[in-house]
Amino acid sequence: FYFDIANGGGYSSSGGSFSLEVQSDCPSPVGLSLKVLNIGPVGSSQQWVALALLIIVFALIITEVVHRTLIAFMGAAAVLFILALEHRLPNVYTIMGWMDHGT
């Protein structure tokens, strides 16, 4: 599950505390693993940013204002820039795997 504590809970960008209480009716001990992610400046609206970027890229390709190869390159560069802002930039091997050399 996902929940956003940026607007409350005593959390700030410089650090803070957060408590989570979990109850179970299981008679034996239950393991729990939590992973804290810093989602960067894009935050929980990252799907809307991706949708806006996709619409802009498609609109520029359809209108043929600039060559579609250049627009596709600029869209990919914008995605990598946003991932870098979120500190989630993949390694070069993964980026090369995203490329389609057949087109």
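Residues numbered from 1 in each chain as written. Predicted model: local features only at pLDDT ≥ 70, side-chain atom pairs only at ≥ 80, totals over all residues. Heavy atoms only, no water.

## Focus: the overall build of the chain
- When helices and strands are tallied, the chain shows three helices and zero strands.
- Residues classed as buried in the chain amount to 9% of the 103 residues present.
- For the chain, the share of sequence-separated contacts (at least 6 apart) that also reach a separation of at least 24 residues comes to 38%.
- Split by element, the accessible area of the chain, about 9,000 Å² in all, is 64% carbon and sulfur. (Helix = DSSP H or I, 4+ residues; strand = E, 2+ residues; numbered from the N terminus. Buried < 20%, exposed > 50% of the residue type's maximum accessible area, 1.4 Å probe, protein only. Contact = heavy atoms within 4.5 Å. Areas by Shrake-Rupley, 256 points an atom, 1.4 Å probe, with all protein chains shown as cover.)

## Some details on helix H2 (residues 68–85)
- With 18 residues, H2 extends 26 Å from end C-alpha to end C-alpha; this agrees with the ideal 26 Å at 1.5 Å per step.
- All buried positions along H2 are accounted for by Ile-71, Gly-75 and Leu-83. Buried residues of H2, seen end-on, are gathered within an arc of 115° and therefore sit on one face of the element. Projecting away from the buried face of H2 at angles above 90 degrees are the exposed residues Thr-69, Phe-73 and Phe-81.
- Buried positions along H2 lie against helix H1 (46–63) and helix H3 (92–98).
- Among the residues trailing H2, His-87 stands out with phi positive, at a value near 60°. (Expected span 1.5 Å × (residues − 1). Arc of directions from axis to C-beta.)

## Quick word on unusual backbone geometry
- One non-glycine residue, Glu-64, lies in positive phi territory at about 55°.
- Inspection of the secondary structure assignment puts Glu-64 in the loop between H1 and H2.
- Taking relative accessible area as the criterion, Glu-64 reaches 65% and is therefore assigned exposed.

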